[in-house]
Every structure is written in C-alpha cells, then in structure tokens.
Amino acid sequence: MPDYKVYYFNVKALGEPLRFLLSYGNLPFDDVRITREEWPALKPTMPMGQMPVLEVDGKKVHQSVAMSRYLANQVGLAGADDWENLMIDTVVDTVNDFRLKIAVVSYEPDDDIKDKKLVTLNTEVIPFYLEKLDDIARENNGHLANSKLSWADIYFTAILDYLNYMTKSDLVANHPNLQKVVDNVTSIESIRNWIDKRPKTEIFLFFSFPSVCPLPVQWSVFLFLAMPMGQMPVLEVDGKRVHQSLAMCRYVAKQINLAGDNPLEALQIDAIVDTINDFRLKIAIVAYEPDDMVKEKKMVTLNNEVIPFYLTKLNVIAKENNGHLVLGKPTWADVYFAGILDYLNYLTKTNLLENFPNLQDVVNKVLDNENIKAYIAKRPITEV
C-alpha cells in the first residue's frame, strides 16, 4: 500500500476532500497540518508554493481536484468508463466554479466593491448553481453523476462546510436533493468515523484568496437554455452535450492516448493543467476588471509578481521534461497550453513566452504536429 501524506493548514476547505477520500477507502495517511508560523519555511519545498499537497511514496503533487481524482481511482469512486468519468468531471468542475465565484466575493478586500458583488452573488449566482445542482441530484437519485456514489458526491460534501462558511448560510437547506447527496455521503461508516475523529478546526483560511471571475458574456435566451449550465464551450458526443472545458479535454485526451499510462501519470498531467488554468484565471480577473482604477492596481501585481512567478516555474518544468510539461513526453498538458496561449497573449497584450525558451519549445513541438498544422491552416480567422 502506498504511503500517503496530506499537507495542509489546520482547516477543512480544499484539504477535506482528500481526507474524505482517503478515509472512505480506509487508506492510512499522515494528516500533516501546517501552522502559520511553519508555512514560510515550508512553502519553497511545495510544488508551486501552495497547498494542499498530496505525497505518495515520497512524491509531492498539488492541485486539489487533480489529487481528488487520483484518490478516487484508488478507492473505487471513479467512473466505470471514460464517459462516466466525463460526467463526474463536469460536475466536480461545476462545483469548483461555484466555489470560485463565491470566494472572489468572500475574499474581496474592498468593502464597497464587496457589497455590490454580494447582491449579484446572492440573487443570481448562488440560486442558479444550487437549482442546477439540485436538479442534477434529483435526476441521479441523490447522487451528482451516473446515479451512483462517486467522488463528485464526496467532493461536494467535503467542501460544503467551506462554502457555507464563506456565504454565512446553509446552502442546501432548501435543496432537498443536494441534502440527500450529503446524507448519503455522511452516512458511510468510514466517512462518519473520520468526521468523528478529525481535529476541530476553524474553516477560514488566513491568507488572501487569488481572485478569479467569470468572463462577461451575453447569451441569447435560446442558447442559454440549450446548453448545459448555460455556458460554452460544449462538446457533443453522439448527440449528448457536456460542458466544462478541462473535463472535455481530459475525455478527448483519453481517446487519443495523451492522458498518461496509469493513474499516477494522469495525476501529474492534471496537476500541470490545473496550474495553467489557475494562471489563466488570475490573468482573466485583471483583464476583465470593469473598474479602471481597480484594474490599474491589479495590473501592477499581475505583471510584477503573478506572471513572472508562473512562467518561471513552468519554464523550469519544461526544461526538466525536455520540452514537455510533464513526464518528459507529449501529453494533453502540452496541447492545452499551446492551445490556450494565444488567448493568454491577447489578455495580457504581450508575447508571454518571449523570454521563456523552454516553454516556447513546448509550443513548437505541439505546432509541429502535422494534424495540428492542418487544423491551424484551415480554422476560421478570429480576433483571439
């Protein structure tokens, strides 16, 4: 049995899904809780300088959703096939979108801006997501995907305390189908045992939250109703429509053998892709900030700290992996990065890779693929 360690602060939040999953599978793990005083010294030893981190036989990986997906495979809570996994991923990513939209308001430091954002959060965002998720739970008989217990149920239940804390409410109080999801999870003996023995914690985090936001897009009523969760991009497979871009990319990557040869490789790929997506979101929150004065302040931090930090880290990773982003070979992490780079350049109004040759090598390898070349040659001309 692998040796597992979970590194996180003495809070629930993003670490609790990992603890729930390990407990569900009765997998022994070291629950390493880092204090505020210990963190500065430990931070440089962590991938991307963040937590939670999962250590598997001495190998440290980050990105909470990627780690949860890996553990789900170990404890039998992933899907039975690629399609079922796609269904689970779309729900988990939707729950994570919901968390981020709550967090960007909860951690807003400017009280006047926060008050304005709270109106939209409470009257539009929260009701929309809870109604959609409650419908999903009803259609799946008290589960969030595939009408059976999966790590989507575990993830939602484990993170719910944190969502409730940020919104200062009981989010599922008026949504009986979501409450049924929670009840189904917390009635599992191994989960119940963990809840009974886990340390008493504060839910809050003591550091500022990295801001993210939805992009301002206007939808026609018809298109909004026709698409899952009223958003795009959407992938249609044999007439079935699914959403969540990373979930769709992961599904397609499995079909074309770019998703890793085993669960540990898949975890390492997911961690890099989620890091790239974090980078995208941190750029987007600034690029789409409607208040020019606020945007100008945020641009300073973005250009002086955020962009150099991520590009330097990713450039080192590309160097260590011989012109790839993970595993020293082509994966969908390379394709995802190359595919989204034009958009990142557009948002930042720069050539992000100008001084990062190893990342440019990653992109060049992807663009040298004959099939990619053929697609680029025939795709429609667009602004972004």
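Above this text you will find the structure in question.
Residues numbered from 1 in each chain as written. Predicted model: local features only at pLDDT ≥ 70, side-chain atom pairs only at ≥ 80, totals over all residues. Heavy atoms only, no water.

Q: Which parts of the structure should I look at to understand the overall build of the chain?
A: Along the backbone of the chain there are 15 helices and six strands. Its C-alpha atoms give the chain a radius of gyration of 21 Å, within 12% of the compact-globule value 21 Å for 384 residues. Seen along its three principal axes, the alpha-carbon backbone of the chain occupies a region of about 55 × 50 × 50 Å. Counting only residues that meet the buried cut, the chain has 49% of its 384 residues in that class. (Helix = DSSP H or I, 4+ residues; strand = E, 2+ residues; numbered from the N terminus. Rg over C-alpha atoms; globule rule 2.2 N^0.38 Å. Buried < 20%, exposed > 50% of the residue type's maximum accessible area, 1.4 Å probe, protein only.)

Q: Teacher, can you tell me more about helix α12 (residues 292–320) here?
A: Side chains three or four residues apart in an α-helix point the same way, a direct result of the helix having 3.6 residues per turn. Taking 1.5 Å per residue, 29 residues should reach 42 Å; α12 reaches 40 Å between its end C-alpha atoms and fits that length. If you look at α12, its biggest bend is around 45°, right at Leu 302. For α12, the complete set of buried residues consists of Val 294, Leu 302, Val 306, Ile 307, Tyr 310, Leu 311, Leu 314, Asn 315, Ile 317 and Ala 318. Considering only its buried residues, α12 is in contact with α5 (111–139), α11 (263–287), α13 (332–348) and α14 (357–367). Looking one or two residues past α12, Asn 322 carries a phi angle of roughly 55°, positive in sign. (Expected span 1.5 Å × (residues − 1). Bend = angle between axes of the 7 residues up to and from the residue. Contact = heavy atoms within 4.5 Å.)

Q: Mind showing me how you'd approach the sheet that holds strand β2 (residues 29–34) here?
A: Strand order in the open sheet formed by four strands is β2-β1-β3-β4, and the pairing between neighbours is mixed. The two strands at the open ends of the sheet, each matched to only one other strand, are β2 and β4 (59–61). The mean inter-strand angle of the sheet, taken between neighbouring strand axes irrespective of direction, is 20°. (Pairing = 2+ DSSP bridges. Axes fitted to C-alpha atoms, helices over the stretch in contact; angles between N-to-C directions.)

Q: I would appreciate a short explanation of the side chain of Asn 85 in the present structure.
A: Locating Asn 85 in the fold gives a position in helix α4 (residues 82–106). Looking at Asn 85, its side chain comes within polar contact range of the main-chain nitrogen of Gly 79, at 2.7 Å. (Polar contact = N/O pair within 3.5 Å; in protein donor to acceptor, adjacent residues only side chain to side chain.)

Q: I tried to follow unusual backbone geometry on my own but got confused; where do I start?
A: Glycine aside, a negative phi is what most residues show, and trans is what most peptide bonds show. Cis geometry marks the peptide bond from Met 51 to Pro 52; its omega dihedral reads 10°. Structurally, the position occupied by Pro 52 is in the loop between α2 (39–42) and β3 (53–56). At Ala 13, a position not held by glycine, the phi torsion is positive, near 40°. When you line up the elements, Ala 13 lands in the loop between β1 (4–9) and α1 (16–24).

Q: I keep staring at the pairing of β3 and nothing clicks. Help me out?
A: It is a general feature of regular strands that their side chains alternate between the two faces of the sheet. Taking every second residue as pointing to the same face, both faces of β3 are buried, with Val 53 and Glu 55 on one and Leu 54 and Val 56 on the other. Sheet topology places β1 next to β3; four bridges connect them, and they run antiparallel. Bridged to Tyr 7 within β3 is Val 53. Of the pairings in the sheet, the one linking β3 to β4 comprises three bridges and is antiparallel in character.

Q: Before we go on, may I ask you to explain α13 in this structure?
A: Spanning 17 residues, α13 covers 24 Å between terminal C-alpha atoms, matching the ideal 24 Å at 1.5 Å per step. Its axis deflected by about 40° at Leu 341, α13 carries its strongest bend there. In terms of residue burial, α13 counts as a mostly covered element, since 13 of its 17 residues are buried. Once α13 finishes, Lys 349 follows within two positions and takes phi at roughly 55°, a positive value.

Q: How should I be thinking about the pattern of salt bridges in this particular structure?
A: For side chains of opposite charge, pairing can occur when their charged atoms come near one another. Applying the stated criterion across every chain yields a total of 21 salt bridges. Notably, a salt bridge pairs Lys 373 with Glu 370, separated by 3.8 Å at the nearest N-O pair. Of this pair, Lys 373 and Glu 370 both sit in helix α15 (residues 370–378), three residues apart, roughly one helical turn. Judged by its relative accessible area of 39%, Lys 373 is partly exposed. Ionic contacts of the salt-bridge type, sharing partners, join the residues Lys 12, Glu 16, Arg 19, Asp 31, Arg 33, Asp 161 and Arg 198 into one network. (Salt bridge = Lys/Arg side-chain N within 4 Å of Asp/Glu carboxyl O.)

The values reported here are purely geometric and, on their own, carry no functional implication.
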